[in-house]
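Summary of the model geometry
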Amino acid sequence: MKDPQTDSGRSRWQIMDAVTPMVRGTGTALRIPIRASLLFMGLLITGMAQSPISDSVSRGFWALPENLTAVEGATVELKCGVSAPGSAVQWAKDGLLLGPSPGIPGFPRYRMEGDPARGEFHLRIETCDLSDDAEYECQVGRSETGPELVSPRVILSILVPPKVLQLTPEAGTTVTWVAGQEYEISCVSGDAKPAPDIAFLQIPPGPPVIEWPGLNEGLVRAGQNLELPCTARGGNPPATLQWLKNGQPVPIAWGTELTHATARSVLTMTVRPEDHGARISCEAYNSVSVGTQERSITLQVTFPPSAVTILGSVSQSENKNVTLCCLTKSSRPRVLLRWWLGGRQLQPTEETVMDGLHGGHISMSNLTLLVRREDNGLTLTCEAFSEAFTKETFKKSLTLNVKYPAQKLWIEGPQEGQHFRTGTRVRLVCLAIGGNPDPSLTWYKDSRTVMEPRPAQEPRRVQLGNLEKSGSTFSRELVLVLGPPDNKAKFSCKAGQLSASTQIVVLFPPTNLTILANVSVLRPGDPLNLTCVSVSSNPPVNLSWDKEGERLEDMAAPPQNAPFKGSPASRSVFLRVSSRDHGHRVTCRAHSAELRETVSSFYRFNVLYPPEFLGEQVLVVTAVEQGEALLPVSVSANPAPEAFNWTFRGYRLSPAGGPRHRILSNGALQLWNVTRSDDGLYQLHCQNAEGTAEALVRLDVHYAPTIRALQDPTEVDVGGSVDIVCTADANPILPNMFNWERLGEDEEDKSLDDTETMSKGSTGRLRIHHAKLAQAGAYQCIVDNGVAPPARGLVRLVVRFAPQVEHPTPLTKVAAAGDSTSSATLHCRARGVPNIVFTWTKNGVPLDLEDPRYTEHTYHQGGVHSSLLTIANVSAAQDYALFTCTATNLLGSDHTNIQLVSISRPDPPLGLKVVSLTPHSVGLEWKHGFDGGLPQRFHIRYEALETPGFFYVDVLPPQATTFTLTGLQPSTRYRVWLLASNALGDSGLAAEGTQLSITTPGLDQPSGEPDDQLPTEHPAEPPGLPLLPVLFAVGGLLLLSNASCVGVFLWWRKLRHLAEGISEKTEAVSAEDQVRNEYEESQWTGDQDTRSSTVSTTEIEPYYHSLRDFSPQLPPTLEEVDYTQGFTGFEEEDVAFPEHLYDEVERMYAPPGAWGPPYDEVHMGSYDLHWAEDKYEGPGRIYDQVAGDSGPLESDSLPFELRGDLV
């Protein structure tokens, strides 16, 4: 023991004690822990010295606090009674003022209680703990009724019992000790006041005690949860408890309470019937026990039957006995059985009790019962009961099922035997009344149960409804989409022994139309027998055969058995197979007249045959040169051809292709950059497993034409016939590929009338019958075979004819002054082919052209020839004569006469006529006559017959031969005269054809105007007064006087310039009637001594061969002209042309080339001027340029040698 310690004025005791007992045995020393009960001793301090209380203090309190000792957790109250009510009172704890409030803040367990009016201020402390161990005093504050007071200090001591014993080693743990070794066990108790005493004790436990729940020990019921506590008190160490059942240990844990030194174990078990008579024991012992102490109880188990069973069937037909047996499981005590039907108790037939398990009994009761229809559905119960189980009922119940059939069964639907088409939806309903169990209403088709297919068909052909009940009526629906299997089938509905049925007739086309063949492999020539079988139909069908729409003859075949109660049909056809049948179909048709429906099936031929070229196989392929060509293949074979081989001119074309060919997948041969050398036959070889076939395909290469031969020029006599032949090289050669054109400026010149076009092969002909001069000229041969460009060739037609000298009417005259100083030129022109030779005579005597006064120039232009005879120093005595010009060639001759006369007045105009007439004008036309060798002009004189006097109008321009006279009056008669005049006078008015009478139309009459009116000079308006004759008379006198003055001068001047005037009035060479009759060569001949020349020039056709009329466009002088221009076929030589002899005769001839090249209307190339030099040498040179006018090849074209060969 240590001295108590005072903390904050309080005393605390710390007790610490340890006892270590030693147990020694023989030869060994073992320190073992000894458990001892901790004895708690309360130390009550009652006599503590206190200081004496003064009288003044005691007088202020009527109750003072006292020292108190309390156990932890108790409630204490410190008294404080104040004699002076109304004073402020508070408590102090170890000097800490707690405040005057009854509920002391910060100290929830502290409170001042009492009646303050009576001066009660007691301090109540609840649930004391060690923190309340302190000094307390009650303090009274100063007041009006009393002074400040403080009570004596009191001590509140709190006693704390031992709570925790800490063992080392720790209590409850298992420690392994080695024998012979010493061990120390320490036991420490803390938080106790005053300090506890600790001791280690070892004693045996007391006997075990089983606490039985209830009064009747050992009596239990099956299923009860039994809890048996077993307790053994005392003993150190505590007792070990062990449960046994029928001598066998039961593993159950136990526990100890060290405080009370008690061991306790609870046996928990669910009682079962088999536990009846079992012995339950509890044993207790510890390490110092001499023997085992035991307590036992024998169980007496009560258990009811675990089940009640009814044996036998409660389902029976009406008016029959039902035998049942009710049997219980084992029970203790036994139970009694009784039967109930509905609310009626039944008497059992026999009852029996037997020994059961676990000391129990089995009860059995038999029952025989005659069941009736009204008993159906009642509850039959077997009940087990006993006084031991009054609160429980054990029974088994069954429902009595009395079977009895339905009263009536029938089918609602179509009438039996009614006909329906396949696909029709039919509804059948089976109905029944009454019956137990509920009639199943099973549908049967013939003898098979009808079931709805699984999975459901789309659309479902059978729909089976569920059993439906309405009152006592039961129904089940069957919906059918009729098919061939439903034909004449018996549909039955059964419910127990009752049944009803109906039959439906289904009309259906053939269910299966099959074609059977007698062979599987076909080759050309094989016989084939096909049989068409209609398996079943209702009604029977008619079978027919056709092949690609053509009806076949067939024969009947043996029928087979038909399903679905239908009718079979079978017919056969016999065929002889050919390769043309491959892929074709033979169709069998089954027709039902009643159903108006036809079912078809076909057999497709599969004929094995070698390659065969079809009728549409192209044997000739056309291609254009430099283009592409495709040689197609139309071949039929089964199996398909394995290879296509092409050969050309004995060489096989590479199947892999070449620079200019390739073989397509279908066997076709494709060529490009085709040339005419590719033209020819190509051989195609096809092969398959059945054989081979060959075909020849010709490639026809078309190319543009070229003219190889064209005879130029082509000559013919006038009136004769001739063919212009044109030969061409072309492919194709078409019947109408030759066309001809005539070249000319006018449409008439281009006409091909009176010609015939012919062609044969590569030669075309233009045949001219009865050739005319007008048909002479240039022709063009055009060859067009459809391949561009067409070929063109030029050829000249020369029509040969006898000379035809132009004969002007009247007699040709040439005027010249016969004073031996003038010159005259006589012009003779003729037409003819071949060339003409001119000869001249004077008064029938041949003219001596050697005479230097005579010079002749000859001009040749095609078929027109001219001879100009120039007479120098004309003498009236020698040269005024009749000159005759004769033109001669191989075909004949012709001549004309030219009169050389003196200068005179003009001849009257010829052929005056009216060409238009209006109310105010008249159009006139005429021809001029011989002008007398001088320039002439025309004048018009006219008069109105009803008005005296004449009117004069000059025609302008002077050389015009048409004139419109204006200023006339409507509906007036006129007389008109036409006069010609020159320097020597006029022609006079008496000549015929120089006057006419006209009457102008009225304003209301139609009139005709000329298309083109020449400008006219309008005369003065004629006066309507008689003054007009006077004016004319005065004018005439003035003219005569003037004429006498100048007459001599004019005559002298005329003579001086006679020759000049003649030269100016020379007529130009006319090109009016050009004759396209050209020779191959143009000729010019000249001799300086004879003064004669022949020159080819343009056409010349003068009307009057006088010096006035002949006025050609004069060329330069001979010295100034390069006479080689326009000529061909000349050799280089000196050609001298004579100088002009007299100035007054100005170069009447035209040198070569003065009038341009021949056929100037034909546009030729530069080579066209050299026809004479280009001799025909063969059909491949002259027309190469024309034939090649297709233009050059494209820049990317290559010669055939560089393009790659086909083979």
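If you look the protein up in an unreviewed UniProt entry, it shows as Nephrin from Heterocephalus glaber. The record in UniProt for the protein states the following under Sequence similarities (unreviewed entry): "Belongs to the immunoglobulin superfamily." What UniProt states about the protein under its Subcellular location (unreviewed entry) heading is, verbatim, "Cell membrane".

On to the overall build of the protein, then. Counting its regular elements, the protein contains 6 helices and 90 strands. Within the span of the protein, comprising 1207 residues, buried residues form 41% of the whole. Taken as a whole, the protein presents about 64,300 Å² of accessible surface, with 51% of it coming from carbon and sulfur.

Right, let's get into the pattern of salt bridges. Under the defined criterion, the tally for this structure stands at 41 salt bridges. Between glutamate 113 and arginine 124 there is a salt bridge; the shortest N-O distance is 3.7 Å. With glutamate 113 in strand 11 (residues 110–113) and arginine 124 in strand 12 (residues 122–125), this residue pair connects regions lying 11 residues apart in the sequence. Under the relative-accessibility criterion, glutamate 113 is labelled partly exposed at 26%. For the salt bridge of aspartate 581 with lysine 547, the shortest nitrogen-to-oxygen distance reads 2.5 Å. One end of the pair, aspartate 581, is in the loop between strand 53 (567–576) and strand 54 (585–592); the other, lysine 547, is in strand 50 (residues 542–547), with 34 residues separating them in the sequence. Residue aspartate 581 is classed as buried on the basis of its relative accessible area of 7%.

What follows is about the sheet that holds strand 33 (residues 350–355). Strand order in the open sheet formed by 4 strands is 28-30-34-33, with antiparallel pairing between adjacent strands. Pairing within the sheet leaves two strands with one partner each, and these edge strands are strand 28 (308–311) and strand 33. Each neighbouring strand pair of the sheet contributes to a mean axis angle of 20°, computed without reference to strand direction.

With an omega of 0°, the peptide bond between arginine 332 and proline 333 qualifies as cis. In this chain, asparagine 638 is followed by proline 639 through a cis amide linkage whose omega measures 5°. Its location among the elements puts proline 639 in the loop between strand 59 (635–638) and strand 60 (643–648). With phi around 50°, glutamate 548 is a residue other than glycine that occupies positive phi space. With respect to the helices and strands, the residue glutamate 548 is situated in the loop between strand 50 and strand 51 (550–552).

Right, let's get into the state of the cysteines. The full count for this structure, using the stated rule, is 7 disulfides. Here cysteine 828 connects covalently by a disulfide to cysteine 885, the sulfurs 2.0 Å from one another. Between cysteine 828 and cysteine 885 the disulfide shows an S-S torsion of about -85°. By sign, it is left-handed. With cysteine 828 in strand 74 (residues 824–833) and cysteine 885 in strand 79 (residues 882–889), the pair connects residues that are 57 residues apart, well separated along the chain. For cysteine 885, a relative accessible area of 0% translates into the label buried.

Tallied over the full model, the rule gives 9 aromatic pairs. Ring geometry for phenylalanine 389 versus phenylalanine 394: centroids 5.9 Å apart, planes at 90°, classification edge-to-face. On the basis of relative accessibility, which here comes to 2%, the residue phenylalanine 389 falls in the buried class. Each residue in the set Tyr942, Phe951 and Tyr974 is aromatic and connected to the rest through ring pairs, giving one cluster. In this structure, lysine 408 packs its charged tip against the face of tryptophan 410, placed 4.9 Å from the ring centre. Above the ring of tryptophan 977, the side-chain terminus of arginine 941 is found at 4.3 Å from the ring centroid.

Moving on, we get to the sheet that holds strand 41 (residues 442–445). On the basis of which strands lie adjacent, the open sheet formed by 5 strands has the order 39-47-46-41-42 and mixed pairing. Of all strands in the sheet, those with a lone pairing partner are strand 39 (419–421) and strand 42 (448–449), marking the two edges. One ladder, built from 2 bridges, connects strand 41 with strand 42; its direction is antiparallel. Bridging from a neighbouring strand, tyrosine 444 pairs with threonine 449 of strand 42.

Buried residues dominate strand 72 (residues 791–805), accounting for 11 of its 15 residues. In terms of strand pairing, strand 66 (residues 714–717) meets strand 72 through 4 bridges, oriented parallel. Paired with threonine 714 across the two strands is leucine 797, which belongs to strand 72. Pairing analysis gives 7 bridges linking strand 71 (residues 777–783) to strand 72, with the strands arranged antiparallel. Across the sheet, residue tyrosine 779 finds its bridge partner in strand 72, namely valine 795. Bridging between strand 72 and strand 74 involves 3 bridges; their strand directions are antiparallel. Bridge pairing links glutamine 804 to arginine 831 in strand 74.

Turning our eyes to something else, we now look at the confidence of the model for the protein. Across the protein, the average pLDDT comes to 78, with 77% of residues at or above 70. Contacts of residues 1009–1031 to residues separated by more than four positions or lying in other chains number 26 contacts, the stretch itself having pLDDT below 50. Below pLDDT 50 for its whole length, residues 1078–1207 participates in 292 contacts with residues either more than four positions away or in separate chains.

Tracing the backbone shows serine 330 in the loop between strand 30 (321–328) and strand 31 (336–341). By relative accessible area, which is 14% here, serine 330 ends up buried. Among all residues touching serine 330, those that are not within four sequence positions of it are Phe303, Pro304, Pro305, Ser306, Gly356, Leu357, Gly360, His361 and Ile362.

We now examine the pairing of strand 45 (residues 473–481). Two faces make up the sheet, and in a regular strand the side chains alternate between them. Judged by how many residues are buried, strand 45 sits mostly within the fold: 7 of 9 residues are covered. Strand direction decides the pairing type here: strand 40 (residues 425–433) and strand 45, joined by 9 bridges, are antiparallel. Residue pairing across strands places valine 426 opposite leucine 480, the latter belonging to strand 45. Direction of pairing for strand 43 (residues 462–464) relative to strand 45: antiparallel, over a ladder of 3 bridges. Bridging from a neighbouring strand, leucine 464 pairs with leucine 478 of strand 45. As defined by bridge partners, strand 44 (residues 468–470) adjoins strand 45 across 3 bridges and the pair is classed as antiparallel. Note that in strand 45 the partner of lysine 469 across the bridge is phenylalanine 474. Hairpin connection between strand 44 and strand 45: a loop of 2 residues separates the two successive antiparallel strands, and glycine 471 in this loop has a positive phi of roughly 70°.

A few words now on the nonpolar core. In this structure, Trp91, Leu123, Ile125 and Tyr136 are the most contacted members of the largest nonpolar core, which totals 24 residues. For this core, the elements supplying multiple residues, two or more each, are strand 7 (76–78), strand 9 (89–93), strand 11, strand 12, strand 13 (134–140) and strand 15 (154–159). When residues in this core are grouped by element, the largest group, 4 residues, is from strand 13. Apart from the residues lying within four places of it in its own chain, the contact partners of leucine 123 are Val76, Glu77, Leu78, Trp91, Ile104, Tyr110, Arg111 and Tyr136.

Below, the discussion takes up the side chain of arginine 829. Inspection of the secondary structure assignment puts arginine 829 in strand 74. Arginine 829 gets classed as buried once you look at its relative accessible area, which sits at 2%. There is a polar contact of 2.5 Å between the side chain of arginine 829 and the side chain of glutamate 806.

Take the environment of threonine 961 next. Take threonine 961: it is sitting in the loop between strand 84 (951–954) and strand 85 (962–966). Along the sequence, threonine 961 and phenylalanine 938 sit 23 residues apart, while their C-alpha atoms lie 8.6 Å from each other. Threonine 961 has contacts with Leu924, Glu925, Trp926 and His928, leaving out every residue within four places of it along the chain.

Attention now goes to the environment of valine 901. Looking at the secondary structure, you find valine 901 in strand 80 (residues 892–901). Between the alpha carbons of valine 901 and aspartate 879 there is a distance of 8.4 Å; along the sequence they are 22 residues apart.

Moving on: the environment of alanine 881. Relative to the assigned elements, alanine 881 resides in the loop between helix 2 (876–879) and strand 79. For alanine 881, a relative accessible area of 4% puts it in the buried group.

What counts and how
Residues numbered from 1 in each chain as written. Predicted model: local features only at pLDDT ≥ 70, side-chain atom pairs only at ≥ 80, totals over all residues. Heavy atoms only, no water. UniProt positions renumbered as here; feature names shortened; annotations may be inferred. Helix = DSSP H or I, 4+ residues; strand = E, 2+ residues; numbered from the N terminus. Buried < 20%, exposed > 50% of the residue type's maximum accessible area, 1.4 Å probe, protein only. Areas by Shrake-Rupley, 256 points an atom, 1.4 Å probe, with all protein chains shown as cover. Salt bridge = Lys/Arg side-chain N within 4 Å of Asp/Glu carboxyl O. Pairing = 2+ DSSP bridges. Axes fitted to C-alpha atoms, helices over the stretch in contact; angles between N-to-C directions. Disulfide = S-S within 2.5 Å. Phe/Tyr/Trp six-rings, centres within 6.5 Å; stacked < 30°, edge-to-face > 60°. Lys NZ or Arg CZ within 6 Å of the ring centre and 35° of its normal. pLDDT = per-residue confidence, 0-100. Contact = heavy atoms within 4.5 Å. Core = buried A, V, L, I, M, F, W, Y, C linked by side-chain atoms within 4.5 Å. Polar contact = N/O pair within 3.5 Å; in protein donor to acceptor, adjacent residues only side chain to side chain.

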